[in-house]
Amino acid sequence: MNSKWEFTNLEEMLNLTTGKFPYATIDEGIKSVFQDRLIKAEMLKDKLQLHKEMIGLEIGSGPGFYAFYLSDHLKKLYCCDISSAYLKFAKKICIEKSNLEFKLINTFKFDFLADASLDFCFSTSVFIHLNYYDVFWYLNELKRVLKLGAIFYFDIVTMENIISYHQIKFKEMAISYRDNPSSEKNLLNYLSKDAIGILSQKCGFEVVEMQDLEGLFKTCIILRKVS
Ligand SMILES: C[S@@+](CC[C@H](N)C(=O)[O-])C[C@H]1O[C@@H](n2cnc3c(N)ncnc32)[C@H](O)[C@@H]1O
């Protein structure tokens, strides 16, 4: 895993979180991303039917805005990230939320979790940066920690959707990768919906939903652990 997600200032944090820095001031940027994530967290809560008895995991919790909202609606949420800078920021934001636990990870292992201990897992704007090997190892580890029937929600960018916004973005990413493969901090990794479906099944999950999110240029996927 890499350290590309460490940031040294809040402008860089916003840039990494949203892929750009279009805000007049840093405060305005943080407020705007916070609001956006709270709305999405509420939608996620309804979609996954999350409730007070549930224990879950967020992969790549970033600034902790989802966790901040969801903590009031769950029994417990573990939040993990590969970036200590993000974890430090998120812990500050969520200082009063006693049912959140933040963990630094540097392999694809959730060593802090027992087998079949989770009711659900989610991850937003993280798998858009990952490759098939990353997905494979995370699904394997999720198979261990999720209960049978538990749900995993995540989003990806897909080769099938290289149109409009992504036509330009893909070219930008390709050029950036060609010129310096290790420099691009938040490189998008385009996957195929079919390949993700096959990989999920091989790892013991069934695809419950695979839906293009209009306007967000992403595909959201819900998997259920079936074996
Ligand atoms: C674009 S930010 C999204 C943050 C948050 N999920 C959100 O939607 O607001 C991506 C986050 O994923 C983390 N990340 C990147 N690669 C990761 C990996 N392989 N495993 C876990 N987290 C990762 C980054 O450190 C960063 O916090």
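Above this text sits the structure in question.
So, how was this worked out
The residue count restarts for each chain, going from 1 along the sequence in the order it is written. Under the rules for a predicted model, residues below a pLDDT of 70 receive no local features and side-chain atom pairs below 80 are neither given nor counted, while totals for whole chains, interfaces and linings still include all residues. A run of DSSP states H or I qualifies as a helix once it reaches four residues; a run of E qualifies as a strand once it reaches two. Both are numbered from the N-terminal end. Put simply, the radius of gyration uses C-alpha atoms, and a globule should come to 2.2 Å times the residue count raised to 0.38. As a rule, residues whose C-beta atom has 12 or fewer other C-beta atoms within 10 Å are exposed, those with 20 or more are buried, and those in between are partly exposed; C-beta atoms are placed from the backbone. Proximity of a residue to a molecule or strand is defined by its backbone-placed C-beta atom lying within 6 Å of that partner. Under this grouping Gly is polar, as are all residues other than the nonpolar Ala, Val, Leu, Ile, Met, Phe, Trp, Tyr, Cys and Pro and the charged Asp, Glu, Lys and Arg. Joining buried Ala, Val, Leu, Ile, Met, Phe, Trp, Tyr and Cys residues through C-beta atoms within 7 Å gives a set, and that set is a nonpolar core. With C-beta atoms placed from the backbone, a contact is any residue pair whose C-beta atoms sit within 7 Å. Two strands pair under a simple rule: DSSP has to find at least two bridges between them. By the criterion used throughout, a crossover qualifies as right-handed when its path from the first strand across the helix to the second strand runs clockwise, the strands pointing away from the viewer. Lines fitted to C-alpha atoms define the axes, with helix axes restricted to the stretch in contact, and inter-axis angles between N-to-C directions lie between 0 and 180 degrees. Two helices crossing with the near one rotated counterclockwise from the far one by less than a right angle form a left-handed crossing, whereas a clockwise rotation gives a right-handed crossing. Roughly parallel covers angles under 35 degrees, roughly antiparallel covers those over 145, roughly perpendicular covers 65 to 115, and oblique covers all other angles. What a helix is expected to span follows from its residue count: subtract one and scale by 1.5 Å. To be clear, the arc concerns the directions from the helix axis to the C-beta atoms.

Peer 1: When you look at the overall build of the chain in this model, what are you seeing that I'm missing?
Peer 2: When helices and strands are counted, the chain shows seven helices and eight strands. What you see for the chain is a C-alpha radius of gyration of 17 Å, in line with the 17 Å of a compact globule of 227 residues. Across its three principal axes, the chain shows a C-alpha extent of roughly 45 × 40 × 30 Å. Residue burial in the chain is summarised as follows: out of 227 residues, 33% are buried.

Peer 1: Honestly, unusual backbone geometry in this entry has me stumped. Any pointers?
Peer 2: The bulk of non-glycine residues show a negative phi, and the bulk of peptide bonds are trans. Positive phi, close to 50°, is recorded for Gln-49, a residue that is not glycine. Mapped onto the fold, Gln-49 is located in the loop between α2 (26–47) and β1 (55–59). Among the residues examined, Gln-49 registers 9 C-beta atoms within 10 Å and is labelled exposed. Residues other than glycine seldom take positive phi values, yet Ser-164 does so here, at roughly 40°.

Peer 1: Would you take a moment to explain the site of the ligand for this structure?
Peer 2: Contacts to the ligand come from 20 residues, most closely from Trp-5, Gly-60, Gly-62, Ser-83 and Ser-125. For the shell around the ligand, the residue count by class is nine nonpolar, eight polar and three charged.

Peer 1: Just to check I follow, could you spell out the nonpolar core for this structure?
Peer 2: For soluble globular proteins, the rule of thumb is that nonpolar side chains tend to be buried together. Core analysis: the biggest nonpolar cluster contains 51 residues, and Ala-67, Leu-118, Cys-121, Phe-152 and Ile-156 have the highest contact counts within it. By residue number, the principal contributor to this core is strand β5 (residues 146–158), which donates seven residues. If sequence neighbours within four positions are ignored, Leu-118 has contacts with Ile-55, Gly-56, Leu-57, Leu-113, Val-145, Leu-146, Lys-147 and Ala-150.

Peer 1: I would appreciate a short explanation of the pairing of β5 in the present structure.
Peer 2: Working note: regular strand, side chains alternate between the two faces of the sheet. Judged from the five bridges that link them, strand β4 (residues 118–123) and β5 form a sheet pairing that is parallel. Looking at β5, one finds that Leu-118 is bridged to Leu-146. Note on the crossover from β4 through helix α5 (residues 132–145) to β5: the handedness is right-handed. Pairing between β5 and strand β8 (residues 218–225): six bridges, direction antiparallel. When the sheet's bridge partners are listed, Tyr-153 is paired in β8 with Ile-222. The pairing of β5 with strand β6 (residues 190–191) spans two bridges and is parallel. The partner of Val-157 across the bridge, within β6, is Tyr-190.

Peer 1: Just to check I follow, could you spell out the packing of helix α1 (residues 10–18) against α2 for this structure?
Peer 2: The axes of two packed helices give the description: the angle between them and the distance between them. Viewed as axis vectors pointing N to C, α1 and α2 meet at an angle of 35°, and their least axial separation amounts to 10 Å. Where α1 crosses over α2, the two elements pack in a sense that is left-handed. Contacts from Leu-10, Glu-11, Leu-14, Thr-17 and Thr-18 in α1 reach Ile-26, Gly-29, Ile-30 and Val-33 in α2. Residues that form the contact of α1 with α2 fall into these classes: five nonpolar, three polar and one charged.

Peer 1: I'm lost on the packing of α5 against helix α7 (residues 193–202) in this one. Help?
Peer 2: The geometry of α5 relative to α7 is characterised by a closest axis approach of 10 Å and an angle of 30° between their N-to-C directions. With respect to their mutual orientation, α5 and α7 come out roughly parallel. As α5 runs across α7, the sense of the crossing is right-handed. From α5, Tyr-132, Val-135, Phe-136 and Leu-139 reach across to α7, where they touch Ala-195, Ile-196, Leu-199 and Ser-200.

Peer 1: What's the story with α5 in this structure? I'm lost.
Peer 2: Since the α-helix packs 3.6 residues into each turn, any two residues three or four apart lie on the same face. Over its 14 residues, α5 runs 20 Å from end to end, which matches the ideal 20 Å to within 8%, given 1.5 Å per residue. Where α5 is concerned, the buried positions are Val-135, Tyr-138, Leu-139, Glu-141, Leu-142 and Val-145. Contacts made by the buried residues of α5 are with β1, β4, β5, α7 and β7 (205–213).

Peer 1: Where do I start with helix α4 (residues 84–93) in this structure?
Peer 2: For α4, the complete set of buried residues consists of Tyr-86, Leu-87, Phe-89 and Ala-90. For α4, the arc enclosing every buried residue in end-on projection is 165°, short of the 170-degree limit, so these residues lie on one face. Those residues of α4 that are exposed and angled more than 90 degrees off the buried face are Lys-88 and Lys-92.

Peer 1: Help me understand the environment of Leu-74, please; the structure alone is not making it clear to me.
Peer 2: When you line up the elements, Leu-74 lands in the loop between α3 (65–70) and β2 (76–81). For Leu-74, a count of 20 C-beta atoms within 10 Å translates into the label buried. Expressed as a C-alpha distance, the spacing of Leu-74 and Ser-164, which sit 90 residues apart in the sequence, is 38 Å. Not counting the four nearest positions on each side in its chain, Leu-74 is found in contact with Leu-50, Lys-52, Met-54, Gly-56 and Asn-99.

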